[in-house]
Amino acid sequence: MPDKPLIWLGSSRRDLRAFPALARRLAGFQLRRVQQGMDPDDWKPMQAVGPGVREIRIQIAGTHRVFYVATRAERSTSCTHSRRRRRRRADTTYGSAATGSVL
């Protein structure tokens, strides 16, 4: 089965490129797993953001997050939001705005 295409939305690609090198590399590996139809190693559903949205968690040089939506009907993976987590409480407002155009 070929990889699903990865569609970058908004500033998600630029934001991911701002991650430290190791965190960026691990995010790439995890997104590749999603493209191949597998689950990332460390993820959780983000129902507060929207249906089908998942968050990849990367614990290298701080905490980094990548939000994505993987759809079977479109056979694609959309990376909607990448950020470094700066506080303990979940901030879903930006993620909601970023994924609004996908859902």
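Our structure is the block above this text.
Residues numbered from 1 in each chain as written. Predicted model: local features only at pLDDT ≥ 70, side-chain atom pairs only at ≥ 80, totals over all residues. Heavy atoms only, no water.

1. Things to note about the overall build of the chain
Regarding its fold elements, the chain presents three helices and five strands. In sequence order, the chain lays out its α and β elements as β-α-α-β-β-β-β-α. By residue count, 36% of the 103 residues in the chain fall in the buried class. Long-range contacts, defined as pairs at least 24 residues apart, comprise 46% of the intrachain contacts of the chain with a sequence gap of at least 6. With the model as given, the accessible surface of the chain reaches about 6200 Å², and the carbon-plus-sulfur share is 49%. (Helix = DSSP H or I, 4+ residues; strand = E, 2+ residues; numbered from the N terminus. Buried < 20%, exposed > 50% of the residue type's maximum accessible area, 1.4 Å probe, protein only. Contact = heavy atoms within 4.5 Å. Areas by Shrake-Rupley, 256 points an atom, 1.4 Å probe, with all protein chains shown as cover.)

2. Here's the deal with the sheet that holds strand β2 (residues 43-45)
In space, the five strands of this open sheet follow the order β1-β5-β4-β3-β2, with mixed pairing throughout. Since the sheet does not close on itself, it has two edges, and those belong to β1 (6-8) and β2, each with one partner. Across this sheet, the average inter-strand angle for adjacent strands is 30°, counted without regard to direction. Sheet topology places β1 next to strand β5 (residues 76-85); three bridges connect them, and they run parallel. (Pairing = 2+ DSSP bridges. Axes fitted to C-alpha atoms, helices over the stretch in contact; angles between N-to-C directions.)

3. A short note on helix α2 (residues 21-35)
Relative to the 21 Å expected for 15 residues at 1.5 Å per residue, α2 spans 21 Å between its end C-alpha atoms, a close match to the ideal helical length. Listing the buried residues of α2 in full gives Ala-23, Ala-27, Gln-30, Leu-31, Val-34 and Gln-35. Buried residues along α2 cover an arc of 145° about the axis, so they all sit on one side. Opposite the packed face of α2, turned more than 90 degrees from it, sit the exposed residues Ala-21 and Arg-25. Gly-37 occupies a position one or two residues after α2 and carries a positive phi of about 90°. (Expected span 1.5 Å × (residues − 1). Arc of directions from axis to C-beta.)

4. Quick notes on the environment of Asp-41
Its location among the elements puts Asp-41 in the loop between α2 and β2. Note on Asp-41: relative accessible area 60%, which makes it exposed. Among all residues touching Asp-41, those that are not within four sequence positions of it are Gln-30 and Arg-33.

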